[in-house]
Amino acid sequence: MRLDYRLHGPEGAHVVVLSSSLGTTQELWSRQLPELEQRFRVLTYDHPGHGASELPEDASTVERFADGLLGLLDELRLRRVSLCGVSLGGMVGMALALDAPERVERLVLACTSAHTGPRDRWAERSRIVRTEGMQAILDSVVRRWFTPAFEHEEPETVGRFRAMLAATPPEGYARCCQAIGTWDARERISAIAVPVLVVAGADDSALPVEHAELIASRIPGARLVILERAAHLANVERAEAFTSAVLEHLGQEVPV
């Protein structure tokens, strides 16, 4: 699959991959990039069927998406990277660390899950967007992305993300829903052996804190940070605290 990507920051620095959530693009990371690209070589990309990334013809699974990312790393000759992922992006990060552990240095797993719950729920969401379009889910999804306080404080930001979701191709969104619905790594993540930071939004109704607690309890040495006053897109809503936690975990490396 061909993934649309951008490289930021100085060549020669350690590489950090930013992997986005379902229904968002690389623009999800606009509040982290100014800090990260001063210290790291940063790779952003869009999931299959999102942005300008192609949708593969074969089955859509989280493991397949991780394999696609691995292909991009090979193409760019990036042998070992750290990865920070939100939601679906965190699932891809876990799959990459399990399937190609020699390629992963550190992980930040934010507002994500090792198993999201009943597959039927995701199959139904896939059906809705395929038959009714993205407009049918906009209100319910954006309501889970941000707290009411943030919607009041930054209505323009919320509107921008609502437009981002609306512009997502329905089939791309549906296929990613199918991938999430079949994802279950609960019995495997204990094999992840790299340093892991788990981040949760205290007010995340999409993937509540219990999902983060399970991940942190099963990955040896994982550290859990819970951000207050944050819903599902915690890296947007609590950008400063999120970025600080990521930099602390990655070591705040400076260019070589």
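Please refer to the structure higher up on the page.
Residues numbered from 1 in each chain as written. Predicted model: local features only at pLDDT ≥ 70, side-chain atom pairs only at ≥ 80, totals over all residues. Heavy atoms only, no water.

Further remarks concern the packing of aromatic side chains. How two aromatic rings sit relative to each other is given by the distance of their centres and the angle of their planes. Evaluation of the coordinates by the stated rule reveals 4 aromatic pairs. Note on Phe 146 and Phe 150: the rings are 5.1 Å apart at their centroids and 25° apart in plane angle, and the pair reads as stacked. The pair Phe 146 / Phe 150 is uniform in exposure class, with both members buried. Members of the aromatic cluster, connected to one another through ring pairs, are Trp 145, Phe 146, Phe 150 and Phe 161. (Phe/Tyr/Trp six-rings, centres within 6.5 Å; stacked < 30°, edge-to-face > 60°. Buried < 20%, exposed > 50% of the residue type's maximum accessible area, 1.4 Å probe, protein only.)

When two helices pack together, their arrangement is given by the angle between their axes and by how far apart the axes lie. Closest axis-to-axis distance for the helix α5 (residues 138-145)/helix α7 (residues 155-166) pair is 10 Å, and the angle between their directions is 135°. The angle between α5 and α7 falls in the class oblique. For the pair α5 and α7, the crossing hand works out as right-handed. Here Leu 138, Asp 139, Val 141, Val 142 and Trp 145 of α5 lie close against α7, whose contacting residues are Val 158, Phe 161, Arg 162, Leu 165 and Ala 166. Along the lines of polarity and charge, the residues of the contact of α5 with α7 split into 8 nonpolar, no polar and 2 charged. (Axes fitted to C-alpha atoms, helices over the stretch in contact; angles between N-to-C directions. Helix = DSSP H or I, 4+ residues; strand = E, 2+ residues; numbered from the N terminus. Parallel < 35°, antiparallel > 145°, perpendicular 65-115°, else oblique. Left-handed = near helix turned anticlockwise from the far one by under 90°. Contact = heavy atoms within 4.5 Å. Nonpolar A, V, L, I, M, F, W, Y, C, P; charged D, E, K, R; others polar.)

Not every positive phi belongs to a glycine, and Arg 77 is a case in point at roughly 60°. For Arg 77, a relative accessible area of 73% gives the class exposed. Positive phi values are uncommon outside glycine, yet Arg 229 reaches one of about 60°. Position of Arg 229 relative to the elements: it lies in the loop between β7 (223-227) and α10 (234-237).

Note on placement: Arg 125 falls in helix α4 (residues 119-132). In this structure, Arg 125 is buried with no salt-bridge partner, the nearest side chain bearing the opposite charge being Glu 124 at 9.7 Å. Those residues in contact with Arg 125 that lie beyond four places of it in its chain are Leu 22, Ile 137, Val 141, Arg 144, Tyr 173 and Cys 177. (Lys, Arg positive; Asp, Glu negative; His and termini not counted. Salt bridge = Lys/Arg side-chain N within 4 Å of Asp/Glu carboxyl O.)

In this section: the environment of Val 158. Within the secondary structure layout, Val 158 lies in helix α7. Given the relative accessible area of 8%, Val 158 is considered buried. For the pair Val 158 and Ala 114, spaced 44 residues apart in sequence, the C-alpha to C-alpha distance is 27 Å. Setting aside chain neighbours within four positions, we find Val 158 in contact with Val 142, Phe 146, Phe 150 and Glu 151.

Attention shifts here to the pattern of salt bridges. Close approach of charged atoms allows side chains of opposite charge to pair. Across all of its chains, the model carries 15 salt bridges by this definition. Here Arg 2 and Glu 54 are joined by a salt bridge, their closest N and O atoms 3.6 Å apart. A residue pair is termed long-range when its members are at least 10 positions apart, and Arg 2 in the segment before β1 (5-8) and Glu 54 in the loop between β3 (41-45) and α2 (62-75) qualify at 52 residues. When the shortest N-O distance is used, the salt bridge between Glu 187 and Arg 218 registers 3.4 Å.

As a further point, take the sheet that holds strand β2 (residues 15-19). Here we have 7 strands laid out as an open sheet, ordered β1-β3-β2-β4-β5-β6-β7, and mixed in their pairing. The strands lining the two open edges of the sheet, one partner per strand, are β1 and β7. Direction aside, the axes of adjacent strands within the sheet are offset by 15° on average. Two elements, β2 and β3, share 4 bridges in a ladder whose sense is parallel. In the strand pairing of β3, Val 15 is matched with Arg 41. Contacting β1, β2, β3 and β4 (81-86), α2 crosses the sheet at an angle of about 135° to β3. Relative to β4, helix α3 (residues 88-99) is tilted by about 145°, and along the sheet it contacts β2, β3, β4 and β5 (104-110). (Pairing = 2+ DSSP bridges.)

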